[in-house]
Protein chains: 2
Amino acid sequence: ASTMTLTEKEQEEEKKATSLNGGGKKEEEKGIVSYWGVKTNKITKEDGTDWKWSCFRPWETYAADLSIDLKKHHVPTTFLDKMAFWTVKALRWPTDLFFQRRYGCRAMMLETVAAVPGMVGGMLLHCQSLRRFEHSGGWIKALLEEAENERMHLMTFMEVAKPRWYERALVFAVQGIFFNAYFLGYLISPKFAHRMVGYLEEEAIHSYTEFLKEMDKGNIENVPAPAIAIDYWRLAPNATLRDVVQVVRADEAHHRDVNHFASDIRYQGKELRESPAPLGYH
Amino acid sequence: ASTMTLTEKEQEEEKKATSLNGGGKKEEEKGIVSYWGVKTNKITKEDGTDWKWSCFRPWETYAADLSIDLKKHHVPTTFLDKMAFWTVKALRWPTDLFFQRRYGCRAMMLETVAAVPGMVGGMLLHCQSLRRFEHSGGWIKALLEEAENERMHLMTFMEVAKPRWYERALVFAVQGIFFNAYFLGYLISPKFAHRMVGYLEEEAIHSYTEFLKEMDKGNIENVPAPAIAIDYWRLAPNATLRDVVQVVRADEAHHRDVNHFASDIRYQGKELRESPAPLGYH
Ligand SMILES: [Fe+2]
Ligand SMILES: [Fe+2]
Ligand SMILES: [Fe+2]
Ligand SMILES: [Fe+2]
C-alpha cells in the first residue's frame, strides 16, 4: 500500500471524504495529508479558541520592547559608511515625492523591500556555511528571522492599505532590482550591505514617527488594529493602528541595532560567526 | 553619547576590557555588543551547564520520530514525475562511483547539497509572498526549517569525516551548479522541483540504510556520537554514530513526505499556501 500511486490513493480518499461529509474541502485535504503522514497539528490560543494563522505560530509572537532608544545613530566616518548613508538619503528623496503623506501606503510598499536583505543575507551565509563546512554562529537564523519579521509587517499593513495595480507593478520592478543589487552588494562587501540596512532602518524609524504625528494631528484615522497584529505582537484586544505603528517602529529599531552591529563586526575584520548572533532580539 | 562613532566607543570599551581582564577576548566582545544594545542572552542546558552552541538553541532540538515508514515511495506516473525520478537515479550513478563505500564522507558531502533546495524554495516563496501581498501558509518557514535541519546534518557529519581539499573544491563547484539549476527548476515547475527532492530523500534513506549495514558488518567503526548530535537530537550521553545515522535517516524520511506532499498540492493545481504547511514536522 505504501507504493500506491497518488492518483489511486487520492481517489480512495476522495470517495471516503465524499461519503463522510459530501465532499467537503476540509475532509478531502485531510485525506491527502494522511497519505504522506504529514500531520498539521491543531493549534489553540491561550484562551482555548482556534489559532487562525498558518503563517506564524503562537510561539513566534512577542511583546515588542518599546523602551528601545529610537534616536541611536551610527555617525558615518569611513568612505563605505558615507556611501551607505548617502545612498539611503538619496533613495529617500524619490520615495518622499511618490508617497507624500500617504504613510499607510508607504509603510506597506516599503515593507515589501525591507524583507529582502534579511533573506538574501541569510541565504548567502547559509550557502557559505555549507561550502566552508563552518558553523554560522546563529547569524543565518538571525537574518532569516529579520526577513520573517519584516514580512509580518507587510501582512499587517496589507490589512489597512490595499495595493492598487500600478503599486503592484512597482513592487514587482523594485523587488527585481533591489534583490539583485543587494545580492551583489552583499557578495562584494557585507559590511557595506549591513551598514546600508542599518541606515534604511534609521529612515524607517523616522517615517513611522511621521506616521504617528499625522495620526495625532487627525490626518490619518486611528482605526482598530488588524487581528493579525493583535495576535503577533500580543496587543490588547482594543489596540489601534497607533499601537501597531509603535511596535513596528520598535522592531525597526532592533533591526537597526542588529545590522549596524553586524557591520561593526565585519569592520573589525571578523566573520559574523565569530560573534554569536542576537537570536530572538525583538 | 548615542551618536558616538564606533571607533571612539570601541577604544573606550577596549580600554575597559583590558583593565578588567587583561584584554580577554570575551570581555571585549561584550563591550561591542553593549554599544548597540544587542544582548546575547546566556543560555543554560536543562542540567544547568552552559549551552555551548550558537548555531542552534535548546528549543530547536527534538527527539527524532524513528517510527516513520522508511519504505514509502511515490510511484512516478506522469511524465514530470518520471523525469524527476530518472534524474535522481542518473545522479546516483556517478555518486556511487565516486564514494563507493565511504559512507561517512558521502553523507558529509551530500548534506552540503541537501541543504540547498529548502533555502531556494523558501527564498522564492518569500519573495513571491512579498510581491503578491499574500500569506505563505507557513511554507516559507517549513522549507527554511528543512534547510536548517540539513545544515545540522552537515555540522554533525563534519565531526566524523574531515573534508579534503579536492572535496572542498568539489562542493564549491557542485553548489554553484546545483543552486542555480534548482533555482531555475523551481521557477519553471515547483511540482517537479519538490518531486525531485522527494526522490533525492528516498535515495538518502537508502544510502543511510547502507551506512548502517556497513557499520553492523564492522566495516565502519561505530564511534561515539559527536557532542553536537547528542544535543540536537536529544540523544543519550553514550549514543554512538549508529544512533546518529538512524535519527538523520528519520529526518530524511520526513523531508521525503513533506516534499512529495508539496508536489502533490501543486499537482492539484493549488498553491502551497492553500494547504497549511507541516511546521515542526520531524
Ligand atoms: Fe519593517
Ligand atoms: Fe526593518
Ligand atoms: Fe540530510
Ligand atoms: Fe533530507
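Q: Run through the overall build of chain A, naming residues and quoting values.
A: Within chain A, the regular secondary structure consists of nine helices and zero strands. For chain A, the N- to C-terminal ordering of α and β elements is α-α-α-α-α-α-α-α-α. Scored against the burial criterion, the 282 residues of chain A give a buried share of 56%. Looking at chain A alone, contacts between residues at least 24 apart form 75% of all its contacts between residues at least 6 apart. Working note: accessible area of chain A is about 12,700 Å², and carbon and sulfur atoms make up 58% of it.

Q: Describe in detail the coordination of the iron ion (ligand 4), supporting the description with residues and values.
A: Residue and element names in this part refer to chain B. Surrounding the iron ion (ligand 4) are the protein donor atoms Glu150 (OE), Glu201 (OE), Glu201 (OE), Glu252 (OE) and His255 (ND1), at 1.9 to 2.4 Å. All donor residues of the iron ion (ligand 4) come from one chain, and their arrangement in sequence is E-x50-E-x50-E-x2-H. The metal-metal distance between the iron ion (ligand 4) and the iron ion (ligand 3) comes to 3.8 Å, with Glu150 coordinating both. Here Glu201 is found in helix α7 (residues 190–217), whereas its partner His255 is found in helix α9 (residues 241–267), with 54 residues between them in sequence. Residue Glu201 shares its accessibility class with His255, and that shared class is buried.

Q: Which residues make up the relation of the copies chain A and chain B, and what values do they have?
A: In screw terms, the move from chain A to chain B is a rotation of 180° and a rise of 0.0 Å along the axis, fitting with an RMSD of 0.0 Å. Viewed as a symmetry operation, the transformation between the two copies matches a two-fold axis. The C-alpha atom lying nearest the rotation axis in chain A is that of Met123(A); the distance is 3.9 Å.

Q: Tell me about the coordination of the iron ion (ligand 3), residues and numbers included.
A: Bound to the iron ion (ligand 3) are the protein donor atoms Glu111(B) (OE), Glu111(B) (OE), Glu150(B) (OE), His153(B) (ND1) and Glu252(B) (OE), situated 2.0 to 2.3 Å from the metal. Each donor residue of the iron ion (ligand 3) belongs to the same chain, with the gaps between them written as E-x38-E-x2-H-x98-E.

Q: Give a detailed account of the pattern of salt bridges, specifying residues and quantitative values.
A: Going through the model one piece at a time under the given rule, you end up with 40 salt bridges over all chains. Ionic pairing is found between Glu134(A) and Arg132(A), a salt bridge with its closest N-O pair at 3.9 Å. Of the charged contacts, one joins Glu167(B) and Arg164(B) as a salt bridge, the two residues approaching to 3.4 Å between their closest N and O atoms. By relative accessible area, which is 40% here, Arg164(B) ends up partly exposed. Members of the salt-bridge network, linked through shared partners, are Lys89(A), Arg92(A), Asp96(A), Arg106(A) and Glu203(A).

Q: Hey, could you go over the packing of helix α4 (residues 103–132) of chain A against helix α6 (residues 165–188) of chain B for me, with residue numbers and the actual values?
A: A pair of packed helices can be characterised by two numbers: the angle between their axes and the separation between those axes. Following both chains from N to C, one finds α4(A) and α6(B) inclined at 145°, their axes separated by 9 Å at the closest point. For the pair α4(A) and α6(B), contact is made by Met123(A), Cys127(A), Leu130(A), Arg131(A) and Arg132(A) and by Arg168(B), Val171(B), Phe172(B), Gln175(B) and Phe179(B), respectively. Per-class residue counts for the contact of α4(A) with α6(B) are six nonpolar, one polar and three charged.

Q: How would you explain the interface of chain A and chain B if you had to name every residue and give the values?
A: Size of an interface: often given as the accessible area lost when the parts come together. Each partner contributes to the interface: chain A provides 78 residues, whereas chain B provides 75 residues. For the pair chain A and chain B, the summed buried surface comes to about 7,100 Å²; carbon and sulfur atoms form 66% of the total. Connecting chain A to chain B are four salt bridges. A salt bridge links Glu60(A) to Lys141(B), with the shortest nitrogen-to-oxygen separation between them at 3.1 Å. Linking chain A with chain B are 14 residue pairs in polar contact (both at pLDDT 80 or more), by the criterion used here. Contributions of two or more residues to the side of chain A that touches chain B are made by α1 (6–21), α2 (25–36), α4, α5 (139–157), α6 (165–188) and α9 (241–267) of chain A. If one sorts the elements of the side of chain A that touches chain B by residue count, α4(A) sits on top with 13 residues. Classifying every residue of the side of chain A that touches chain B gives 35 nonpolar, 21 polar and 22 charged.

Q: Account for the nonpolar core, with residues named and values stated.
A: In terms of nonpolar packing, the biggest core is built from 162 residues, with Trp139(A), Phe211(A), Trp233(A), Trp139(B), Phe211(B) and Trp233(B) touching the most fellow members. Phe211(B) has contacts with Tyr103(B), Gly104(B), Ala107(B), Phe157(B), Ile220(B), Leu241(B) and Val245(B), leaving out every residue within four places of it along the chain.

Q: Report on empty space enclosed by the protein, specifying residues and quantitative values.
A: Residues and elements named next belong to chain A. Enumeration over the complete set of coordinates arrives at seven cavities of 30 Å³ or more. Its volume calculated, the largest cavity comes out at about 150 Å³. Lining of the largest cavity is provided by 13 residues; of these, Ala142, Glu145, Glu146, His255 and Tyr281 occupy positions nearest its centre. Elements that contribute at least two residues to the lining of the largest cavity include exactly α5 and α9. Looking at side-chain class alone, the lining of the largest cavity contains five nonpolar, five polar and three charged residues.

Q: Requested: an account of the packing of aromatic side chains, with residues and values cited.
A: Residues and elements named next belong to chain A. Taken as a whole and assessed by the stated rule, the structure comprises 32 aromatic pairs over all chains. Seen from their ring centres, Trp53 and Phe56 are 6.0 Å apart, and the 20° between their planes marks the pair as stacked. Positioned above the aromatic ring of Tyr267, the side-chain terminus of Lys191 is 4.8 Å from the ring centre.

Q: Lay out the side chain of Thr95(B) in plain terms, naming residues and giving numbers.
A: All names here are of chain B. Here Thr95 is to be found in helix α3 (residues 79–99). Using a relative accessible area of 17% as the deciding quantity, one classes Thr95 as buried. Engagement of the side chain of Thr95 in a polar contact is seen with the backbone oxygen of Leu91, the distance being 2.5 Å. In this view, Thr95 contacts Gln100, Arg106 and Leu110; residues no more than four positions away in its chain are not counted.

Q: Go over the packing of α6(B) against α7(B) with me, naming the residues and quoting the values.
A: Residue and element names in this part refer to chain B. At their nearest, the axes of α6 and α7 sit 5 Å apart, and the two run at 130° to each other. Comparing their axes, α7 and α6 come out oblique. Across the interface between the two elements, Phe178, Tyr182, Gly185, Tyr186 and Ile188 of α6 pack against Pro190, Ala193, His194, Met196, Val197 and Leu200 of α7. In terms of residue class, the contact of α6 with α7 is made up of nine nonpolar, two polar and no charged.

Q: An account of the confidence of the model for chain A is needed here, citing residue identities and associated values.
A: All names here are of chain A. Residues of chain A with pLDDT of at least 70 account for 87%, and the chain-wide mean is 85. Below pLDDT 50 for its whole length, residues 1–31 participates in 33 contacts with residues either more than four positions away or in separate chains. Across the assembled chains, the prediction reports ipTM 0.88 with pTM 0.88.

Q: Outline the environment of Lys72(B), listing residues and values.
A: Residues and elements named next belong to chain B. With respect to the helices and strands, the residue Lys72 is situated in the loop between α2 (25–35) and α3. Note on Lys72: relative accessible area 16%, which makes it buried. Considering only alpha carbons, one finds Lys72 and Ala253, 181 residues apart in sequence, at a separation of 8.5 Å.

Analysis parameters
- Residues numbered from 1 in each chain as written.
- Chains lettered and ligands numbered in written order.
- Predicted model: local features only at pLDDT ≥ 70, side-chain atom pairs only at ≥ 80, totals over all residues.
- Heavy atoms only, no water.
- Helix = DSSP H or I, 4+ residues; strand = E, 2+ residues; numbered from the N terminus.
- Buried < 20%, exposed > 50% of the residue type's maximum accessible area, 1.4 Å probe, protein only.
- Contact = heavy atoms within 4.5 Å.
- Areas by Shrake-Rupley, 256 points an atom, 1.4 Å probe, with all protein chains shown as cover.
- Donors = N, O, S within 2.8 Å, 3.2 Å for Na, K, Ca; no water.
- Least-squares fit on C-alpha atoms with pLDDT ≥ 70 in both.
- Salt bridge = Lys/Arg side-chain N within 4 Å of Asp/Glu carboxyl O.
- Axes fitted to C-alpha atoms, helices over the stretch in contact; angles between N-to-C directions.
- Nonpolar A, V, L, I, M, F, W, Y, C, P; charged D, E, K, R; others polar.
- Buried area = accessible area lost by both parts, 1.4 Å probe.
- Polar contact = N/O pair within 3.5 Å; in protein donor to acceptor, adjacent residues only side chain to side chain.
- Core = buried A, V, L, I, M, F, W, Y, C linked by side-chain atoms within 4.5 Å.
- 1 Å grid on protein atoms, 1.4 Å probe; cavity = no way out; pocket = protein on both sides within 12 Å on 5 of 7 lines; lining within 4 Å.
- Points joined across faces, edges and corners; volume = space filled by probe spheres on them.
- Phe/Tyr/Trp six-rings, centres within 6.5 Å; stacked < 30°, edge-to-face > 60°.
- Lys NZ or Arg CZ within 6 Å of the ring centre and 35° of its normal.
- Parallel < 35°, antiparallel > 145°, perpendicular 65-115°, else oblique.
- pLDDT = per-residue confidence, 0-100.

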